[in-house]
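Structure at a glance
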Amino acid sequence: MKLILTADVDNLGAPGDTVEVKDGYGRNYLLPRGLAIVATRGAQKQVEGIRRAQEARAVRGLEHAQELKAAIEGLEDVSLSVKTSSDSGKLFGSVTAADVAGALKAAGGPVVDKRIVELPKAHIKATGKHQIVVKLHPDVTAKFTLNVVAA
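Fair warning: this is a prediction, and the values are worked out from it, not measured in the lab.

**Re the packing of aromatic side chains**
Counted under the stated rule, the structure contains one aromatic pair. Centroid distance Tyr 25 to Tyr 29: 5.5 Å. Interplanar angle 10°. Geometry classified as stacked. Of the two residues, Tyr 25 and Tyr 29 are both situated in helix H1 (residues 23-30); the distance of four residues between them amounts to about one turn of the helix. On the basis of relative accessibility, which here comes to 34%, the residue Tyr 29 falls in the partly exposed class.

This is the structure we're talking about:
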């Protein structure tokens, strides 16, 4: 079965890659989860859009990573407003890497992929200031403080 990947799949490929897989793997795993689409002529045109979107998010090298680091660390106030339970400061749910990436963009910073955002723990579950690390390149990491406030 010939498929076009729409997401990164371990040991198979990156978004936009055309791959040949066994019928059962494609039909029972990749297609139902939205990780791939069937390779047709129309789908080949979608591949170009997927690749363009991926390249826009990707860090293009060491110099670009240094520029992004300067932009991220130059931000004054990165805050995220969340719902909390009364006065205790505990959150309903938690703050994820996707939430942090959105807050970074809202504060005027660059658009970063949620997969390169490293939280202090698995998730942030309390209000206050938290140190966030963004791994832009194997040699470049940016650090900033996220202020989680009650809504």
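**A few points about the domain arrangement of the protein**
Here the protein is described as being made up of domain 1 (1-64) and domain 2 (75-148). Of note, the centres of domain 1 and domain 2, computed from C-alpha atoms alone, are 28 Å apart. Counting residues at the interface gives four residues for domain 1 and five residues for domain 2. Where domain 1 touches domain 2, the interface holds zero salt bridges. For the interface between domain 1 and domain 2, the tally reads zero residue pairs in polar contact (both at pLDDT 80 or more). Considering only residue class, the side of domain 1 that touches domain 2 consists of two nonpolar, one polar and one charged.

**Thoughts on the environment of Glu 73**
Structurally, Glu 73 can be placed in helix H3 (residues 62-73). Classification of Glu 73 as partly exposed rests on a relative accessible area of 40%. When residues no more than four places from it in sequence are discounted, the contact partners of Glu 73 are Thr 141, Ala 142 and Lys 143. Among the polar contacts made by the side chain of Glu 73, one reaches the main-chain amide nitrogen of Lys 143 at a distance of 3.1 Å.

Here is what the cut-offs are and how they apply
- Residues numbered from 1 in each chain as written.
- Predicted model: local features only at pLDDT ≥ 70, side-chain atom pairs only at ≥ 80, totals over all residues.
- Heavy atoms only, no water.
- Phe/Tyr/Trp six-rings, centres within 6.5 Å; stacked < 30°, edge-to-face > 60°.
- Helix = DSSP H or I, 4+ residues; strand = E, 2+ residues; numbered from the N terminus.
- Buried < 20%, exposed > 50% of the residue type's maximum accessible area, 1.4 Å probe, protein only.
- Domains from an automatic or database assignment.
- Contact = heavy atoms within 4.5 Å.
- Salt bridge = Lys/Arg side-chain N within 4 Å of Asp/Glu carboxyl O.
- Polar contact = N/O pair within 3.5 Å; in protein donor to acceptor, adjacent residues only side chain to side chain.
- Nonpolar A, V, L, I, M, F, W, Y, C, P; charged D, E, K, R; others polar.

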